[in-house]
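Single-letter residue listing:
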Amino acid sequence: MSSCSRTRTKAPRSARSRRNGGFSSSSATIVADIDDIMIHILSLLPIKTLLRFKRVSKRWLSLITNPDFSNRIIKSNHPLPISGFFLHSPRAIKYSFVSLDDDDDDATNQRVSSSLPLWFTDHQTDMIIMQSTNGLLLCKCSCASSNHFNTNYYVYNPTTKQYTLLPQITGHIALSLAFDPSKSPHYKVFCLRGRSNNSVSSASDSELYHIEVYSSNEGLWRRVVPVLTSPSTFIEFTYSVFWNGAVHWYGLSSRDCLSFDISKEEIKILPLPDLDDEEALLPDPRTLRFLDESQGNLYYIEVNDQSSSDLPVYEMERNSSSWSVKYNVDLEPLAAVFPEMITEDYTNRRIYAFSVIGFVKEETDAASYILLHIPNKAVKYNFIDKTFKKLCDFKPLVNDAPEDHFYRFQRTFQCIKSLANV
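These figures come from a predicted structure and were not determined experimentally.

All right, on to the pattern of salt bridges then. Applying the stated criterion across every chain, the model contains eleven salt bridges. Here Glu-218 and Arg-222 are joined by a salt bridge, their closest N and O atoms 3.6 Å apart. Residue classification places Glu-218 among the partly exposed residues on the basis of a relative accessible area of 47%. Owing to a relative accessible area of 36%, Arg-222 belongs among the partly exposed residues under this scheme. Between Arg-349 and Asp-305 there is a salt bridge, with its nearest N and O atoms 3.0 Å apart.

Among the residues making up helix H5 (residues 58-65), those that are buried are Trp-60, Leu-63 and Ile-64. Taken down its axis, H5 places every buried residue within 95° of arc, on the same side. Tucked inside the fold, the buried residues of H5 contact helix H3 (35-43), helix H4 (47-53) and helix H6 (67-77).

Before going further, it helps to spend a moment on the sheet that holds strand S18 (residues 323-330). Reading across the sheet, the four strands line up as S15-S16-S17-S18 and stay open at both edges, with antiparallel pairing between neighbours. The open sheet has two edge strands with one neighbour each: strand S15 (288-294) and S18. Between one strand and the next, the sheet's axes are offset by a mean angle of 25°, whatever the strand orientation. Pairing geometry for strand S17 (residues 310-316) and S18, over seven bridges, is antiparallel. Looking across to S18, one finds that Tyr-314 is bridged to Val-325.

This part covers the sheet that holds strand S23 (residues 377-382). The four strands lie next to each other as S21-S22-S23-S24, forming an open sheet whose pairing is antiparallel. In this open sheet, the two edge strands, each paired with only one partner strand, are strand S21 (355-360) and strand S24 (388-393). This sheet shows a mean twist of 25° between the axes of neighbouring strands, independent of strand direction. As judged from the five bridges shared by S21 and strand S22 (residues 369-374), these two strands associate in the antiparallel manner. By the bridge assignment for S22, Val-360 is matched with Tyr-369.

Glancing now at the packing of H3 against H5. The interhelical angle for the contact between H3 and H5, taken along N-to-C directions, is 65°, at an axis separation of 11 Å. In terms of their interaxial angle, H3 and H5 are classed as roughly perpendicular. H5 is crossed by H3, and the crossing has right-handed handedness. Here Asp-35, Met-38, Ile-39 and Leu-42 of H3 lie close against H5, whose contacting residues are Arg-59, Trp-60, Leu-63 and Ile-64. A per-class count over the contact of H3 with H5 returns six nonpolar, no polar and two charged.

This next bit is on the confidence of the model for the chain. In low-pLDDT segments, the atomic positions of the prediction should not be examined closely. Across the chain, the average pLDDT comes to 79, with 74% of residues at or above 70. Low confidence marks residues 197-203, where pLDDT is under 50. Its contacts with residues over four positions away, or in another chain, come to two contacts. Low pLDDT (under 50) marks residues 400-407, which in the prediction has 22 contacts with non-local residues, meaning those over four places away or in another chain.

What follows covers the packing of aromatic side chains. Counted by the stated rule, this structure contains 14 aromatic pairs. Residues Tyr-154 and Tyr-163 carry aromatic rings whose centres are separated by 5.8 Å and whose planes lie at 70° to one another, so their mutual orientation is edge-to-face. Owing to a relative accessible area of 27%, Tyr-163 belongs among the partly exposed residues under this scheme. For the ring pair Tyr-299 and Tyr-327, a centre distance of 6.3 Å and an interplane angle of 40° mean the geometry is tilted. Taken together, the residues span a long stretch of sequence, with Tyr-299 in strand S16 (residues 297-303) and Tyr-327 in strand S18 at a distance of 28 residues. When its relative accessible area of 2% is taken as the criterion, Tyr-299 is described as buried.

Quick notes on the rules
- Residues numbered from 1 in each chain as written.
- Predicted model: local features only at pLDDT ≥ 70, side-chain atom pairs only at ≥ 80, totals over all residues.
- Heavy atoms only, no water.
- Salt bridge = Lys/Arg side-chain N within 4 Å of Asp/Glu carboxyl O.
- Buried < 20%, exposed > 50% of the residue type's maximum accessible area, 1.4 Å probe, protein only.
- Helix = DSSP H or I, 4+ residues; strand = E, 2+ residues; numbered from the N terminus.
- Arc of directions from axis to C-beta.
- Contact = heavy atoms within 4.5 Å.
- Pairing = 2+ DSSP bridges.
- Axes fitted to C-alpha atoms, helices over the stretch in contact; angles between N-to-C directions.
- Parallel < 35°, antiparallel > 145°, perpendicular 65-115°, else oblique.
- Left-handed = near helix turned anticlockwise from the far one by under 90°.
- Nonpolar A, V, L, I, M, F, W, Y, C, P; charged D, E, K, R; others polar.
- pLDDT = per-residue confidence, 0-100.
- Phe/Tyr/Trp six-rings, centres within 6.5 Å; stacked < 30°, edge-to-face > 60°.

Rendered as structure tokens:
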């Protein structure tokens with residue numbers, strides 16, 4: 001066959017147009033040049049795709065990062081799915097990341113990132129994540145200044161890499177981040193603060209605490225309400241979670257959460273589940289306790305006996321009236337497949353080595369699951385059909401002690417891809 005016979009000739013423009021669905025390149029250009037049409041098309045795309053499309057052109061970057069567009073996307077897609085978890089190493093201020101994206105189903109070892117510190121480009125002190133709420137992180141770091149250390153607090157969007165430094169605040173007991181994009185594009189940070197010893201106030205002795213709030217649309221701390229609850233309630237309020245329009249503080253040494261209803265500006269006590277253990281008025285520090293929100297549901301796990309294969313998962317009623325057992329996780333089938341879960345404590349008692357990474361509530365109960373950490377692995381366990389599979393491997397720690405398996409990651413935090421402005 002001669003070379004001439006292999007030469008291709010271009011079809012007429014009209015023919016090419018018909019093959020492309022009847023649109024010419026000039027028509028596509030006209031559509032792309034109309035902002036309203038482009039915004040509508042972009043609004044139909046998932047956030048993961050929008051993040052890639054920001055690199056197409058300066059104009060697309062401007063459209064996608066416009067606050068009105070990002071607020072529209074977030075509100076129309078709320079609640080956004082959990083895309084992964086940040087895992088805090090127990091021996092350094094470093095975080096691993098485990099991806100839940102379906103794109104990684106065939107590459108389990110690519111689901112987990114290397115252990116790296118979290119820091120901002122213009123502030124290279126390691127950041128500590130305090131809380132995750134609907135795609136935003138509340139972080140802190142200690143910074144040297146004039147021969148002393150200051151603690152700075154930030155609200156950070158790990159998807160867009162944007163962050164805001166909060167105004168300085170001292171004398172506080174606990175902080176909590178609240179962000180509900182279905183109601184407002186603005187976030188709030190609440191501070192449980194003690195009264196200064198040398199302050200003069202007409203408040204009664206019971207008003208030793210009050211709550212202050214920072215709003216992203218106002219930019220200042222302001223006092224909201226006094227806290228009249230007995231100070232003995234505030235024992236180690238290290239952790240916080242935002243759920244059902246309220247912030248909830250709790251600690252490892254308390255049986256209750258201190259809750260602040262944001263819209264009503266009311267303080268109340270939210271009891272944790274009563275486990276009918278009369279001998280343990282307060283939980284043992286070695287107890288595994290896990291409280292977190294997923295897709296508008298509040299879940300709680302407490303494990304006092306590691307030798308039991310039964311792991312009940314409690315769910316709070318939407319009106320905050322009571323807890324009930326929503327799911328039961330059976331650890332025995334996991335241990336049969338992953339025998340490294342079985343170890344012994346100092347009394348030679350057979351125990352299950354695991355900890356909780358997080359709850360993932362899907363659109364249906366049938367698809368919802370819990371993510372567990374067992375020695376050197378993350379395992380996805382379906383609540384309803386009791387099936388499970390390995391999600392990824394972790395590098396083993398050096399000189400692991402048996403109890404390290406139970407507390408391998410000190411804290412875990414949801415990662416939700418969001419275009420929220422901070």
